[in-house]
Amino acid sequence: MTRRPVEVGGPERLYTVTGGRSRADGDAFDLVTLIVAESDPAPWMQSEHVRILRLCRTPSAVVEISADLGMPVTVVRILLGDLLATGRITARHPRPGAGAGADVPLPDSTLLEEVLHGLRRL
């Protein structure tokens, strides 16, 4: 399957996608929070919500979802908040010290944002 980028458009499009909201409710999602879909998309759902649910059939980090959708992380956080509120996704925060690299700290979110911006420039 070949992925095609979503046409993000200008700020007006993002304003419409988020219903005019500019901030996510709360701090439920950081860049490395893993998102898992808990249900299939419904026919009446917004197309961006449908894409997120399809992307998250396997755990995906917020930063990966943002890159796959070609949308700013802020917008993705708002959309994820909608899905979390309806129980369509779960958010799993990475636990420091889990796994083989128990002494390795989590990456700084600023660094991850810079990596995301670098990937978008490619």
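Predicted model, so just to flag it, every value in this text is computed and none were measured. (Residues numbered from 1 in each chain as written. Predicted model: local features only at pLDDT ≥ 70, side-chain atom pairs only at ≥ 80, totals over all residues. Heavy atoms only, no water.)

Enquirer: Give a description of the overall build of the protein chain that names residues and reports values.
Expert: Scanning the protein chain from terminus to terminus reveals five helices and three strands. Written out in order from the N terminus, the α and β elements of the protein chain read α-β-α-β-α-α-β-α. Relative to all contacts within the protein chain whose residues are 6 or more apart in sequence, the contacts with residues 24 or more apart total 71%. Just so you have it, the protein chain exposes about 7900 Å², and 54% of that area is on carbon and sulfur atoms. (Helix = DSSP H or I, 4+ residues; strand = E, 2+ residues; numbered from the N terminus. Contact = heavy atoms within 4.5 Å. Areas by Shrake-Rupley, 256 points an atom, 1.4 Å probe, with all protein chains shown as cover.)

Enquirer: Any chance you could break down the sheet that holds strand E3 (residues 89–92) for me, citing the residues and the numbers?
Expert: Spatially, the three strands line up as an open sheet ordered E2-E1-E3, and their pairing is antiparallel. Edge positions in the sheet fall to strand E2 (60–61) and E3, since each has one partner strand and no second. The sheet contact formed by strand E1 (residues 34–37) and E3 spans four bridges and is antiparallel. In the strand pairing of E3, Ile 35 is matched with Ala 91. Sitting on the sheet, helix H4 (residues 73–85) is in contact with E1 and E3, with an inclination near 115° to E3. (Pairing = 2+ DSSP bridges. Axes fitted to C-alpha atoms, helices over the stretch in contact; angles between N-to-C directions.)

Enquirer: Break down the confidence of the model for the protein chain for me, with residues and values.
Expert: For the protein chain, mean pLDDT is 78; residues scoring 70 or higher make up 69% of the total. Residue range residues 1–6 is modelled with pLDDT below 50. Its contacts to residues more than four positions away, or to other chains, number five contacts. (pLDDT = per-residue confidence, 0-100.)

Enquirer: So what's going on with the environment of Leu 31? Residues and values would help.
Expert: Here Leu 31 is to be found in the loop between helix H1 (11–17) and E1. Leu 31 gets classed as buried once you look at its relative accessible area, which sits at 1%. Once the C-alpha coordinates of Leu 31 and Glu 64 are considered, the two residues, 33 residues apart in sequence, prove to be 8.5 Å apart. Look past the residues within four positions of Leu 31 in its chain and what remains in contact with it is Ala 61, Val 62, Val 63, Val 73, Arg 77, Ser 109, Leu 112 and Glu 113. (Buried < 20%, exposed > 50% of the residue type's maximum accessible area, 1.4 Å probe, protein only.)

Enquirer: Break down the side chain of His 49 for me, with residues and values.
Expert: The residue His 49 is located in helix H2 (residues 47–55) in this model. When its relative accessible area of 8% is taken as the criterion, His 49 is described as buried. Here His 49 is in contact with Leu 79, Asp 82 and Leu 83, once residues within four sequence places are set aside.

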